[in-house]
Amino acid sequence: MPSPRSRFDITRPPGERLEEYVAKFAAKYDASDDVAGEARFIDAIADRSSVILDGGCGTGRTAAALTAAGHRVLGVDRSPRLIEVARQYFPDAQYEVRDLLEVDSASLIAAGLPALVDIVVLAGNVMPCLAEGTEREVLATLATVLAEGGRLVLGFRTDREYAVADLERHQRELGLREVHRFSDWQLGPWGEDSPWIVSIMAKQGDR
């Protein structure tokens, strides 16, 4: 079952915020702005030719940059509109309309990937934009498709509805071990007043 309407969906009249988001990134793409910061971070921690799931991929920038770096990447987002834009700007990358709660090994295989991935990345405030109350279930679902030694990497602003304390609680409940924590995608040191958190997690027992 897909999750209910997300926080992103319900904060404005239907479609208004979505089109603002599309316009924002389309302008960046048209201007050839650098939008690959998260992708560089992931590429730096990934083995060559890693299998990567870009969850909540939006208009596709992270999946596209990681594909160009030689990884096998699938970008998924529940919004057909965002996937349409991703395919328009980045035709060489692979995208699929899919709710994060519907990601499983069967869907990865159907997309031409292995049943398990090396890295799951949730960039761009995906966690705070999820439907309220589904965050733990999304993390649990995505952890099931991580290969042994795999990493789940996410980043979000710390002043949003989903707080750092929520993430820490869900990590404990799901048996996820935080390997590293930063204050941004440029490896900034973490502090309690950091405006962003970037967390690299592994399953308990993984190296």
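Everything numeric in this text was worked out from a predicted model, so none of it was measured.

**Concerning the sheet that holds strand S6 (residues 176–182)**
An order of S3-S2-S1-S4-S5-S7-S6 is seen for the seven strands of this open sheet, with the pairing classed as mixed. Each edge of the open sheet is held by one strand with a lone partner, namely strand S3 (95–97) and S6. Ignoring strand direction, the axes of neighbouring strands in this sheet form an average angle of 20°. As judged from the five bridges shared by strand S1 (residues 51–55) and strand S2 (residues 72–77), these two strands associate in the parallel manner. Bridge pairing in S2 places Asp54 opposite Gly75. The strands touched by helix H9 (residues 164–174) are strand S5 (146–157), S6 and strand S7 (196–203); relative to S7, the strand with the most contacts, the crossing angle is about 0°.

**Some points on the packing of helix H3 (residues 37–45) against helix H4 (residues 61–68)**
Where H3 contacts H4, the axes come no closer than 8 Å and their chain directions differ by 45°. By the angle between their axes, H3 is oblique relative to H4. The way H3 lies across H4 gives a crossing that is right-handed. On H4, the residues that touch Glu38, Ala39, Ile42 and Asp43 of H3 are Arg61, Thr62, Ala65 and Leu66. Its residues placed into classes, the contact of H3 with H4 shows four nonpolar, one polar and three charged.

**Considering the environment of Leu146**
You can see Leu146 is positioned in strand S5. Distance in space between the C-alpha atoms of Leu146 and Ala86 is 24 Å, their sequence separation being 60 residues. With sequence-adjacent residues up to four places away left out, Leu146 is seen in contact with Leu116, Val117, Asp118, Ile119, Val120, Arg151, Leu152 and Lys203.

**Here's the deal with the environment of Tyr95**
Position of Tyr95 among the secondary structure elements: in strand S3. Sequence separation between Tyr95 and Gly175 is 80 residues, and the spatial gap between their C-alpha atoms is 29 Å. What Tyr95 contacts, discounting residues up to four positions off in sequence, is Cys57, Gly60, Ala63, Ala64, Leu74, Gly75, Ile83, Ala86, Arg87 and Phe90. At 2.8 Å, the side chain of Tyr95 and the backbone oxygen of Gly60 are in polar contact.

So, how was this worked out
- Residues numbered from 1 in each chain as written.
- Predicted model: local features only at pLDDT ≥ 70, side-chain atom pairs only at ≥ 80, totals over all residues.
- Heavy atoms only, no water.
- Pairing = 2+ DSSP bridges.
- Helix = DSSP H or I, 4+ residues; strand = E, 2+ residues; numbered from the N terminus.
- Axes fitted to C-alpha atoms, helices over the stretch in contact; angles between N-to-C directions.
- Contact = heavy atoms within 4.5 Å.
- Parallel < 35°, antiparallel > 145°, perpendicular 65-115°, else oblique.
- Left-handed = near helix turned anticlockwise from the far one by under 90°.
- Nonpolar A, V, L, I, M, F, W, Y, C, P; charged D, E, K, R; others polar.
- Polar contact = N/O pair within 3.5 Å; in protein donor to acceptor, adjacent residues only side chain to side chain.

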